[in-house]
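Structural overview
Now for the letters of each chain:
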Amino acid sequence: MTIEDKDLRSIQEARELLRKARTAQKALESLSQQKVDAIVGAMAEAGEREAERLARMAVDETGFGNAADKKTKNLFAVRTIYSAIKDMKTVGIIRKDEANKLWEIAQPFGVICGIVPSTNPTSTTMYKALISIKTRNAIVFSPHPSALACTLETARIMQSAIERAGGPKDAVACMTEPTMEATQELMKSKLSDLILATGGTPMVRSAYSSGKPAYGVGPGNVPVYIHQSAKVKEAVRRIFESKTFDYGTICASEQAIVTDRAVKTKVMEQIRANGGYLLNPEEKSKVASVILAGGRLNPNIVGRSAAHIAEMAGIAVPAGTRVLVAEETEIGKAVPFSLEKLCPILALYTCDNWRDGCLICTKLLENGGLGHSLGIHCEEMDVIEAFGLEKPASRIIVNAGTTFGAIGATSGIFPSLTLGCGSYGHNITSDNVGPMHLINIKRVAFGLREMELENRVDQAARQVESKLAAEISRDEVKDIIRKVLEEIQAGHS
């Protein structure tokens, strides 16, 4: 078998899956809201039953993260996200504005191309399948090659649940031989209508350049600011819980702590108390050497434990070390600790006040996380407001871990596993993507009033009158009237 043979096979598979998905979508489109909701409920139940097994599969196959946290992510998709969407109206007339006599009607996009990352393969597949079927869209997944088996199995579970609930199983499909060429075919085919892209920057850029509507997400390089008014003990605990969750594979996890100098000593004490290991200059250099590979994030550290990364770098850390922390002053593409690190590594910056903290956080976002998320631990509302107003981030998470706050697990933000970065990150939306992003809304609008137009006859008469008044004298008008009267009298005689 040659590489070309595999490419051709995968392209053909993509076309066949799209054709089946198109037929399945037409069947979905004819279903009632009640039937759609029953199918989505069955999918969520199936995902919940298999959450632990799929989590283990993902860790075994990719080597990223840990099974307990991946199970939690799976359950977040089929419990929290499902709970948020289950009562949404997504079929027929979804809203009536009686005062303005306006109806809104939901129409599905059609067939969705779902790009799945290797860092969160099973939870992302369940989440995208749920919001797609909820809106009567079919979806065809392009899995990451290193997460093929667990993504396929997740899609199969969703398919079986749909079929058991009386829906068309081909409404959810997954490629078995993913290649870049086949993914391009999925995205550019006339049979696909929308792209949901979660993955690396090149993949997201490819989605946006496909000529199709696309929801892509940018990278996260999330800074978290600790203000001098913060409850430091709680702040550091929350940051560490967030950063260590699934060994940092969620892009909303913290990448750098920016602390006020006034509370730096307390922050460092709590870092140590929570299992953080502060690297000395020599150790920092060794860890920095394994963060990047070929100018990009080293995939061998992604989703790995702090102990594993320390061993890779050739340094010894105490048992129970959860996060490797290095003090840093510089920010740039060539400064490894200032970049996104999808693993338990944190940079530590020091600022003199909140304005100085603002500048550092903004520079960190500009260094690779524009439009994504930002954390702040603070008890002064004016400082929180300033951060919310000034930062180029779509989610400002206050007094909570950014991993959990940004996805809507511990905040009022809509729960989602696709986080838009807005125009800052060259994304079409700054929202947490949900069902409402996957429907067209048609509007039936009744007439409320007559259009107020200037009376054109009266207007023309006034123009003639004005012209006559300007061109004919009063005496001339009298002469004209006299002659007309004489002609009338002559006609009667």
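What comes next is a walk through the structure.

The rules behind the values
Residues numbered from 1 in each chain as written. Predicted model: local features only at pLDDT ≥ 70, side-chain atom pairs only at ≥ 80, totals over all residues. Heavy atoms only, no water. Buried < 20%, exposed > 50% of the residue type's maximum accessible area, 1.4 Å probe, protein only. Helix = DSSP H or I, 4+ residues; strand = E, 2+ residues; numbered from the N terminus. Pairing = 2+ DSSP bridges. Axes fitted to C-alpha atoms, helices over the stretch in contact; angles between N-to-C directions. Phe/Tyr/Trp six-rings, centres within 6.5 Å; stacked < 30°, edge-to-face > 60°. Lys NZ or Arg CZ within 6 Å of the ring centre and 35° of its normal. Patch = residues over 30% accessible without salt bridge, like charges linked within 9 Å, V, L, I, M, F, W, Y side chains within 5 Å. Areas by Shrake-Rupley, 256 points an atom, 1.4 Å probe, with all protein chains shown as cover. Salt bridge = Lys/Arg side-chain N within 4 Å of Asp/Glu carboxyl O. Contact = heavy atoms within 4.5 Å. Core = buried A, V, L, I, M, F, W, Y, C linked by side-chain atoms within 4.5 Å. Parallel < 35°, antiparallel > 145°, perpendicular 65-115°, else oblique. Left-handed = near helix turned anticlockwise from the far one by under 90°. Nonpolar A, V, L, I, M, F, W, Y, C, P; charged D, E, K, R; others polar.

**Section: the pairing of strand β6 (residues 194–197)**
- Alternating residues of β6 divide into L194 and L196 and I195 and A197, and every residue in both groups is buried.
- Of the strand pairs in this sheet, strand β3 (residues 111–115) and β6 are connected by four bridges, and their pairing is parallel. Bridged to I115 within β6 is A197.

**A look at the sheet that holds strand β1 (residues 92–97)**
- As summarised here, the arrangement of the three strands in space is β1-β2-β17, forming an open sheet in which the pairing is antiparallel. Each edge of the sheet is formed by a strand with only one pairing partner; in this case those strands are β1 and β17 (439–445). With strand direction ignored, the average angle separating the axes of adjacent strands in the sheet is 25 degrees.
- Across seven bridges, the pairing between strand β2 (residues 102–108) and β17 is antiparallel. Residue pairing for β17: Q107 is matched across the bridge by N440.

**Considering the packing of aromatic side chains**
- Overall, the coordinates contain three aromatic pairs when judged by the stated rule.
- Each ring, one from F245 and one from F404, has its centre 5.2 Å from the other, and the planes form 75 degrees; the classification is edge-to-face. A residue pair is termed long-range when its members are at least 10 positions apart, and F245 in the loop between α9 (232–244) and β9 (254–260) and F404 in helix α15 (residues 402–406) qualify at 159 residues.
- Between the NZ or CZ atom of K96 and the centre of the ring of W103, over which it lies, the distance is 4.6 Å.
- For the cation-ring pair, K391 lies above F387, with the distance from its terminal atom to the ring centre recorded as 4.2 Å.

**Some points on a nonpolar patch on the surface**
- A grouping of I481, L485 and I488 is seen on the molecular surface, where their side chains present a nonpolar patch of about 270 Å² in accessible area.
- Looking at the element boundaries, I488 is found in helix α17 (residues 474–492).
- Judged by its relative accessible area of 44%, I488 falls in the partly exposed class.

**Focus on the pattern of salt bridges**
- For the structure shown, the criterion picks out 23 salt bridges.
- Here D246 and K73 are joined by a salt bridge, their closest N and O atoms 2.6 Å apart. With D246 in the loop between α9 and β9 and K73 in helix α4 (residues 67–85), this pair connects stretches of sequence that are 173 residues apart. K73 shares its class with D246; the two are buried.
- Note that E327 and K264 form a salt bridge whose closest N and O atoms lie 2.6 Å from each other. You can see E327 sitting in strand β13 (residues 323–327) and its partner K264 sitting in helix α10 (residues 264–273), a full 63 residues away along the chain.
- The class of E327 is partly exposed, set by a relative accessible area of 36%.

**Focus: the sheet that holds β3**
- Pairing in this open sheet of five strands is parallel, and the strands run β5-β4-β3-β6-β7 from one edge to the other. Only two strands of the sheet have a single partner each, and these edge strands are β5 (172–174) and β7 (214–216). When the angles between neighbouring strand axes are averaged without regard to direction, this sheet yields 15 degrees.
- Those strands touched by helix α6 (residues 148–164) are β4 (138–142) and β5, and its axis lies near 155 degrees from that of β5.

**Considerations on the pairing of β1**
- When β1 meets β2, the two strands line up antiparallel, connected through five bridges. Considered in β2, the bridge of I93 is made with I105.

**Considering the nonpolar core**
- Within the largest apolar cluster, 69 residues are counted, with the highest numbers of intra-cluster contacts made by M43, I133, V140, F141, V172 and I195.
- Among the elements that make up this core, the one with the highest residue count is helix α2 (residues 33–49) (seven residues).

**What to know about the packing of helix α5 (residues 121–134) against α6**
- Orientation of α5 relative to α6, taken along the N-to-C sense of each, is 30 degrees, at an axis distance of 8 Å. Accordingly, the angle class assigned to the pair α5 and α6 is roughly parallel. Helix-helix and strand crossings are classified by hand; for α5 and α6 the assignment is right-handed. Residues P121, T122, T125, M126, A129 and I133 of α5 form the contact with α6, whose own contacting residues are C150, T151, T154, A155, M158 and I162.
- Considering only residue class, the contact of α5 with α6 consists of eight nonpolar, four polar and no charged.

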